[in-house]
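# Analysis of the macromolecular model
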Amino acid sequence: MNTATDTATQAAAAIVEDYFSTPVRALVDWVDPFAAEVAAARATGPLTRSKIDALVRPHALQTLDLRGVPVYGAGFIAAIDLLADAHSHLAWWQGDDRRQLVLASQSLNKENIDYSALEWYRVPMATGEPHVAGPYVDYLCSDEYTITIAVPADVDGERIGVAGLDLLVSAVERDLTHRFAGLGCEVTLTNGVGRVVVSTDPRWATGDSVRGSGLADLPRVACPTVALDVIVG
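This write-up is about the structure you can find in this document. (Residues numbered from 1 in each chain as written. Predicted model: local features only at pLDDT ≥ 70, side-chain atom pairs only at ≥ 80, totals over all residues. Heavy atoms only, no water.)

### Points about the packing of helix α1 (residues 3-42) against helix α4 (residues 169-180)
The axes of two packed helices give the description: the angle between them and the distance between them. One can describe the packing of α1 onto α4 by two numbers: an axis separation of 10 Å at closest approach and a directional angle of 140 degrees. Judged by the inter-axis angle, α1 sits oblique to α4. In this structure, the crossing between α1 and α4 has a hand that is right-handed. Between α1 and α4, the contacting residues are Ala12, Ile15, Val16, Asp18, Tyr19 and Phe20 on the first element and Ala171, Val172, Asp175, Leu176, Arg179 and Phe180 on the second. Residues of the contact of α1 with α4, tallied by class, amount to 9 nonpolar, no polar and 3 charged. (Axes fitted to C-alpha atoms, helices over the stretch in contact; angles between N-to-C directions. Helix = DSSP H or I, 4+ residues; strand = E, 2+ residues; numbered from the N terminus. Parallel < 35°, antiparallel > 145°, perpendicular 65-115°, else oblique. Left-handed = near helix turned anticlockwise from the far one by under 90°. Contact = heavy atoms within 4.5 Å. Nonpolar A, V, L, I, M, F, W, Y, C, P; charged D, E, K, R; others polar.)

### Some remarks on the layout of surface pockets
In this structure, the second largest pocket spans a volume of roughly 170 Å³. In terms of lining residues, the second largest pocket is bounded by Glu119, His131, Val132, Gly134, Pro135, Tyr136, Asn191, Gly192, Val193, Ala227 and Leu228. With 5 residues, strand β4 (residues 131-137) is the largest single contributor of residues to the lining of the second largest pocket. Considering only residue class, the lining of the second largest pocket consists of 6 nonpolar, 4 polar and 1 charged. (1 Å grid on protein atoms, 1.4 Å probe; cavity = no way out; pocket = protein on both sides within 12 Å on 5 of 7 lines; lining within 4 Å. Points joined across faces, edges and corners; volume = space filled by probe spheres on them.)

### Quick look at the packing of α1 against helix α2 (residues 49-64)
At a minimum axis distance of 10 Å, the contact between α1 and α2 shows a crossing angle of 165 degrees. Here α2 runs roughly antiparallel to α1, going by the angle between their axes. For the crossing formed where α1 meets α2, the hand is right-handed. Side by side, α1 and α2 meet where Leu27, Trp30, Phe34, Glu37, Val38 and Ala41 of the first sit next to Lys51, Ile52, Leu55, Val56, His59 and Thr63 of the second. Residues belonging to the contact of α1 with α2 are distributed by class as follows: 8 nonpolar, 2 polar and 2 charged.

### Overview of empty space enclosed by the protein
Tallied over the entire structure, the rule returns 1 cavity of 30 Å³ or more. Approximately 70 Å³ is the volume found for the largest cavity. Lining the largest cavity, in full, are Ile77, Leu90, Trp92, Trp120, Tyr136, Asp138, Leu140, Cys141, Thr148 and Asp166. A class-by-class count of the residues in the lining of the largest cavity yields 7 nonpolar, 1 polar and 2 charged.

What follows is the structure, encoded as structure tokens:
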């Protein structure tokens, strides 16, 4: 890697870390106050969907108003069997109209979906750390290519679920390609399994695999705080 390429790669990684640190920090900032509210609510009786929804709503709407990052959806995904009246539950608000997502009213019967194996839930629940998942087609919420950021929530040592937000890849692409443009080279952002998130190179599309492609041999730098990589060519 020559000096110019190294400088561009490090600059691209810094752009990515700066971009994603804002939504991660926003979730981290509300997880602890929310967990304290859940603990207080649980002390008064069983936790229910309506109780959780009422606690999540102000935090979710505040996250939707986050400046500088195009948040499409936000809310809380409860641990399996946390609630007295539901096996699973998403307390989630999204879209320009900031409406609450009601899964049971959709065409597929999703009100009891087991999301425990999905990356955006499974990884932060297992590690206790914030996680960036995607890109993937979000069939639960947006039906579009999505990046989900999730932060685990704990009450008295019990992991009660994850606070999360969705970024549509189309919006992230508009933001990051504009910022990458000043680096004077093609920049590709990939996830932990080597799939393209966004790229300024028109040869690569969201979801393409780095493995076996021309990207595989190019300089690559990890963005430690968000588990994404940048490749510069």
